[in-house]
Amino acid sequence: MKMPTTAAVSNLRFTHSGQVWADFVLQGLEYGLRADKEKEGVRQLHQALFRSLPGESLLLGLCSTLDPHQVVEQMLGSLDPSSCPDWIAECEATLASVEQLRPGQRIFWLSVPLSAGEGSAKLKLRAAEHSIFARLGLPVSPPSPELLQALGRQADQLLQGIPAPFRAAPATPAQMVWLAQHMVDRGLFLDDLLPAAEEGNNPKRGCAFPTPALDEGGTTDDGPRAVIHPLKRRYLKVQSTAPGDEDVASYQAMLVVANVPDGEIAFPGGELIGRIDESGLTVDWAMRLTVRASEEVLRSNQRALETLNEQYNQREGEVSHGLSALDHAAEDLAEYAAVLENNKLEVECQVTTVLAVSAADPDTVRELSRALASWFASSSYKLAQPVGYQEAMWWAMQPGVPTDQVMREYAQITTSQGLSALVPLATANVGDTKGTLLAINTNNGPMLDDDTPCGPSPLIFHDPDGATDRNVSGSLAAVGDLGSGKSFLLKKVAGSILDRGGRIIVTDRTEMGEWAQWAGALTDPRIVNALEPQWSLDPLRLFDPATGARVAQTFLTPLLDVQPTSERGVILSEVLDAEYLHRHQITGLGSLVDHLATACDLDGAKDLARLMRVFSKKDLGRVVFDSTLPPLDMRHPAIVFHTHGLVLPKRAEVEHEHLFRQMGLEKLFGRALFALISSIARLECFQDRDRLAAFVVDEAHAVTSSPEGVNEITDFVRDGRKHRAVVLLGSHDPDEDFPSETLRGLIPWRVVMRHTDKQLAINALRWLGLDPDEDPTLIDKVTQELSPELGGLVPPHRRGECLIRDSSGAIGRGRILPPTIQSRDQAARTGGRKDLAAA
Amino acid sequence: MKWYTRARKFPQLIGRTPDGTRIPGGPYTYLQVAAGVGMAAVLAATTGLWARGALLFNATVFLGLTVGAVYLAGQLPPGMRNPLLGVAGFFRAFGRGYKINGLSLPRLTRNSRTALGLVTLFEVAAEECATEPEPEPVVVEIAPVPGPGRPALSNVQRLLLGEQS
């Protein structure tokens, strides 16, 4: 067959047959973890799309591999490479890892032949003239402006009819060339990026399109006298004829849906094309559609009814199952006629679905085609590879090629409502378009091996820096079981913020000081050990007098348990006044205590000093009250507050007065110090609006056990976007650790990792925005399917599996990708030797 | 959802003659009828080649081959597939070599594309004639963003979906 396209102008494709096709690039609709009601909405949009298509059309779903350089470009964004060498090193290392992962994305393409009306004969004549002139080497006249205008109007009308959520855009000639090249290179992972709409809109001649050499059955691989076994050679060898490509051939097997299930197919659940990536195979699909109005279909049905009656007559008296088959056909015909009678707006969709798998050698492509047929068979669909028609089916997947007899033979019939239940234009993309490479999307299924995703899997990026520019919060919270990978995730995100030139403030409650160790592996951090301090956290010494006084009052009020309007509260307020502090040369909380005890004339000052000395004289109070310690240098990019040994009250102890009254000094101090740390972190992170800063609280309950801490974190999430600041939280239970509804609701990025406890899993799912009551299988997804233990150990390639909700509300499944530089990967791990060995 | 292919594409058989008489051994598929008639016609037209024996022998061969052709055609699975396409495909599968732009080539050479490809030159730059509408940006984005200004479904589309909405 001749290359169909003779010229491409705008999104119009002129072909040898004289037919002009209009091409569009469509976006898939989000169809990941969704409630049934939302899925029904997506199905209805598909139905509207099918009803908008006139007559014949071709819908394509293509697996395009992601170029590692593009991934790195997304990681770099607008960063200045000279300002973040560590991030550049990570990006360089990512090139190789992404090459192995071979992530992909699905590109959706719609091509519709335009009806030329009265100009049809002219177009055919023009095509013939074109063909002859081209053969003779003579120049051909381009399409006339009038013709282009008329066809452009038709294409525009088509575009207007496509539901807006598909974000249909006219394909450019450059994109058409990309499509043709993709068909040639399928399975070789050589795809370039789909050219953007704004580039490559110049018209293309037919010679711009690749002209491959097609060999049905790959006969050229053997000698001329070799015996051909057609049944064993049901594939097509596609050889590029471009210079330099002589040694590379793509072996492609095309399969067509030959038989469909007879009965009713459930929705949701029957979205076979929408879920095709779950097969774990890289499959391109093409749907050759013919949409017909109900009046026309009713006539066809009438003819079918007459034929059916004739068949009853012909087969009367036959002793076989034939009559039973006729009965079933009659039932279906009656039902089909009733559907169309009851709804005059319903249309008939005849669809021939061709699927293509490909590889670099014939044996692999044979295996792939068997696997694909087996996957379809599990849903009662039968795929066929008709002998001798591989080339014909390859052409059938190309826009500009008329539907041939073979395609019509395999056409399956349903209504637009029925076809829409296949939800072919579905994606489960999550995340931002650039930023940190957070995870690989495993919505198709878990990773099969360290470098082997299940089917074409996109990558998930997290861009807290860009969130500020988009006026949304970039804060993130991770919820999961012990050892599920929360800390690893938070370290990855925090590490990338640091590497990208941002700053981090971390609270570390672990005995081993894992965050301090981790930060030490990345940079030269300032580590403040609360019980053995080398640096002071005295707010009067850290900040200017006005700010310091305000923070100090916030710290002392819960510590001393004084009411703001009580006598002690009023004294505290009076002495913590910037002017008062300056007048009495009070430069720190230590000197404040001394002042209250010896030099203050206010009534009750000595009592207040005595009360403060309860803490200032103790070891645990040194970090705030010891004037001999140097104040913490807040300009450091990484500050870790190591708070191991600090005791925190339980929530009940804070909420119930009788328990509160019995609370020990350690708990009172611990609670106030965490509130102070939160306050310091917020002030510091909010200081520079041009530099991203993150406050990392791995065990959020340490901060959120006090109302002050909850308020600080809530304010952080609420206002962070205005100050280029984010908070990264780790928790076991969102209901318990994020006690405020506002806090729970405001965190835009939510990650749920493995939870073996059912109730905690339910809490996490609800927080994520899913309803486990409506779909109880979601609970199993969290308790059994995320990072499952096999033989007492989670296999390395299953670690870090999670459900992710991004700032747009899209929910998907992913696997956190470790930092690519091994030393950083190891630094982030805390699971002992086995964990380190997995790095 | 449901597929209605079975309602319109069912195997068609011939079991009776136009006057209603039942055909012995029937019903037959169209292919069986075609195979039987075709075989009989071929045999009848080529008697000079094969009918060298006695009448009884010749009749037996004639009937045997015709019935054999009908029987073999009956062994093909009944269904909607056009058997002629299947036969044609089988012959196509025995073809050898490459096809480039509709032309056959036993093997590729360095100049294959130049020799067989078409290079079309337009007389006037087609850019001057293009009056396409301003395209909307099409970047395959990972992050979902709300659609453009248009509503999800136009009023007409809502009307078309009226029975559900």
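Please read all numbers here as calculations on a predicted model, not as lab measurements.

Asks: Even after reading the chapter, I still don't get the overall build of chain A, so can you show me in this structure?
Replies: Within chain A one finds 33 helices and 27 strands. Classification of the 839 residues of chain A by burial places 55% in the buried group. The contacts in chain A between residues at least 6 apart in sequence include a share of 76% that link residues at least 24 apart.

Asks: For this particular structure, what's the right way to read the packing of helix H25 (residues 665-685) of chain A against helix H27 (residues 707-720) of chain A?
Replies: Geometry of a packed helix pair, given as the angle between the helix axes and the separation of the axes. Residue and element names in this part refer to chain A. The contact between H25 and H27 brings their axes to 9 Å, and the two run at 15°. Relative to H27, the element H25 lies roughly parallel. Helix-helix and strand crossings are classified by hand; for H25 and H27 the assignment is left-handed. In this structure, H25 contributes Phe674, Ala675, Ser678, Ser679 and Arg682 to the contact, and H27 contributes Glu708, Gly709, Glu712, Ile713, Asp715 and Phe716. Per-class residue counts for the contact of H25 with H27 are 4 nonpolar, 3 polar and 4 charged.

Asks: How should the domain arrangement of chain A be read in this particular structure?
Replies: Interface size, as often reported, equals the accessible area lost upon joining of the parts. Segmenting chain A into domains produces domain 1 (5-66 + 102-426) and domain 2 (543-630). Using C-alpha coordinates to define each centre, domain 1 of chain A is positioned 76 Å away from domain 2 of chain A.

Asks: For this particular structure, what's the right way to read the environment of Val9(A)?
Replies: Residue and element names in this part refer to chain A. If you trace the backbone, Val9 turns up in strand E1 (residues 5-9). The exposure class of Val9 is buried, given the 26 C-beta atoms found within 10 Å. With 69 residues separating them in the primary sequence, Val9 and Ser78 have C-alpha atoms 34 Å apart.

Asks: Can you walk me through the packing of helix H20 (residues 589-598) of chain A against helix H21 (residues 605-616) of chain A in this structure?
Replies: Residue and element names in this part refer to chain A. It is the contact of H20 with H21, at a shortest axis distance of 8 Å, that shows an interaxial angle of 145°. The handedness of the crossing between H20 and H21 is left-handed. Contacts from Gly590, Val593, Leu596 and Ala597 in H20 reach Ala605, Lys606, Leu608, Ala609, Met612, Arg613 and Ser616 in H21. A class-by-class count of the residues in the contact of H20 with H21 yields 7 nonpolar, 2 polar and 2 charged.

Asks: Is there a simple way to explain the sheet that holds strand E21 (residues 526-529) of chain A in this structure?
Replies: Hydrogen bonds along the backbone pair up the strands of a sheet, which may run parallel or antiparallel. All names here are of chain A. Read from one edge of the open sheet, 11 strands run E18-E17-E27-E26-E25-E19-E24-E23-E20-E22-E21, paired in mixed fashion. Because the sheet does not close on itself, it has two edges, and the strands there are strand E18 (459-462) and E21. In this sheet, neighbouring strand axes are inclined to one another by 25° on average, regardless of whether the strands run parallel or antiparallel. Relative to the sheet, H27 contacts strand E23 (693-697) and strand E24 (725-731), its axis offset from that of E24 by approximately 135°.

Asks: Hey, could you run me through unusual backbone geometry in this one?
Replies: Negative phi characterises most residues that are not glycine, and trans characterises most peptide bonds. All names here are of chain A. Cis rather than trans, the peptide bond between Phe267 and Pro268 has omega equal to -5°. Checked against the element boundaries, Pro268 lands in the loop between strand E11 (249-259) and strand E12 (284-293). Of note, Phe189 is a non-glycine position whose phi angle comes to about 55°, a positive value. Mapped onto the elements of the fold, Phe189 is located in the loop between helix H6 (173-185) and strand E8 (204-205).

Asks: Any chance you could explain the nonpolar core here in plain terms?
Replies: As a rule of thumb, nonpolar side chains are buried together in soluble globular proteins. All names here are of chain A. Ala494, Ala694, Leu728 and Val752 are the most contacted members of the largest nonpolar core, which totals 130 residues. Among the elements that make up this core, the one with the highest residue count is H25 (10 residues). If we ignore the near neighbours within four places in the chain, the residues touching Leu728 are Leu476, Leu490, Val493, Ala494, Ala694 and Val696. Core analysis: the next-biggest nonpolar cluster, separate from the first, contains 123 residues, Leu49, Ala171, Leu194 and Val256 among them.

Asks: When you look at the confidence of the model for chain A in this model, what are you seeing that I'm missing?
Replies: The predicted coordinates should not be examined in detail at positions where pLDDT is low. Residue-level pLDDT values for chain A average 88, and 98% of them are 70 or greater. Confidence scores differ between elements of chain A, with helix H33 (residues 832-837) of chain A showing the lowest mean pLDDT of 56 and strand E25 (residues 749-753) of chain A the highest of 96.

Asks: I keep staring at the confidence of the model for chain B and nothing clicks. Help me out?
Replies: Residues and elements named next belong to chain B. Within chain B, residue pLDDT values average 72, and 62% of them lie at 70 or more. Below a pLDDT of 50 lies the segment residues 123-135, which in the model reaches 34 contacts outside its immediate sequence neighbourhood of four places, other chains included. Across residues 137-149, confidence stays below pLDDT 50; counting only partners more than four residues off in sequence or on other chains, it has 32 contacts.

Asks: Explain the pairing of strand E9 (residues 213-216) of chain A to me, please; I cannot follow it from the model alone.
Replies: The side chains of a regular strand alternate, first on one face of the sheet and then on the other. Residues Ala213(A) and Asp215(A) point to one face of E9(A) and Leu214(A) and Glu216(A) to the other, with burial holding for every one of them. Alignment of E9(A) against strand E10 (residues 236-239) of chain A, held across 4 bridges, turns out to be antiparallel. Bridge pairing in E10(A) links Ala213(A) to Gln239(A). As defined by bridge partners, E9(A) adjoins strand E3 (residues 98-100) of chain B across 2 bridges and the pair is classed as antiparallel. Opposite Leu214(A), over in E3(B), you have Lys99(B) as the bridge partner.

Asks: Got a minute to help me understand the pairing of strand E5 (residues 55-65) of chain A in this structure?
Replies: All names here are of chain A. Counting buried residues along E5, 9 of its 11 residues qualify, which places the element largely inside the surrounding structure. One ladder, built from 7 bridges, connects E5 with E12; its direction is antiparallel. Each residue of the ladder has a partner; that of Leu60, found in E12, is Ala286. Where E5 lies against strand E6 (residues 104-114), 8 bridges are found, and the strand directions are antiparallel. Across the sheet, residue Ser64 finds its bridge partner in E6, namely Gln105.

Asks: What is the right way to look at the environment of Pro113(A) in this model?
Replies: All names here are of chain A. Tracing the chain through its elements places Pro113 in strand E6. Judged by the 21 C-beta atoms lying within 10 Å of it, Pro113 is buried. Residues in contact with Pro113, not counting those within four places in the same chain, are Gln19, Trp21 and Glu56.

Asks: Help me understand the environment of Leu60(A), please; the structure alone is not making it clear to me.
Replies: Residue and element names in this part refer to chain A. Along the chain, the position of Leu60 falls in strand E5. Along the chain, Leu60 and Val25 lie 35 residues apart, while their C-alpha atoms are 9.5 Å from each other. Apart from the residues within four sequence positions on either side, Leu60 is in contact with Phe108, Trp109, Ala286 and Met397.

Asks: How should I be thinking about helix H7 (residues 294-314) of chain A in this particular structure?
Replies: Along an α-helix, a turn takes 3.6 residues, which lines up residues three or four apart on a common side. All names here are of chain A. An ideal rise of 1.5 Å per residue puts 30 Å on 21 residues; H7 measures up with 29 Å between its terminal C-alpha atoms. Along H7, the residues that are buried comprise Ser294, Val297, Asn301, Ala304, Leu308, Gln311 and Gln314. Looking straight down H7, one finds its buried side chains confined to an arc of 135°; they lie on one side. Turned more than 90 degrees away from the buried face of H7, the exposed residues are Glu295, Arg299, Gln302, Arg303, Glu306, Asn309 and Asn313.

What counts as what
Residues numbered from 1 in each chain as written. Chains lettered and ligands numbered in written order. Predicted model: local features only at pLDDT ≥ 70, side-chain atom pairs only at ≥ 80, totals over all residues. Helix = DSSP H or I, 4+ residues; strand = E, 2+ residues; numbered from the N terminus. Buried ≥ 20, exposed ≤ 12 C-beta atoms within 10 Å, placed from the backbone. Contact = placed C-beta atoms within 7 Å. Axes fitted to C-alpha atoms, helices over the stretch in contact; angles between N-to-C directions. Parallel < 35°, antiparallel > 145°, perpendicular 65-115°, else oblique. Left-handed = near helix turned anticlockwise from the far one by under 90°. Nonpolar A, V, L, I, M, F, W, Y, C, P; charged D, E, K, R; others polar. Domains from an automatic or database assignment. Pairing = 2+ DSSP bridges. Core = buried A, V, L, I, M, F, W, Y, C linked by C-beta atoms within 7 Å. pLDDT = per-residue confidence, 0-100. Expected span 1.5 Å × (residues − 1). Arc of directions from axis to C-beta.

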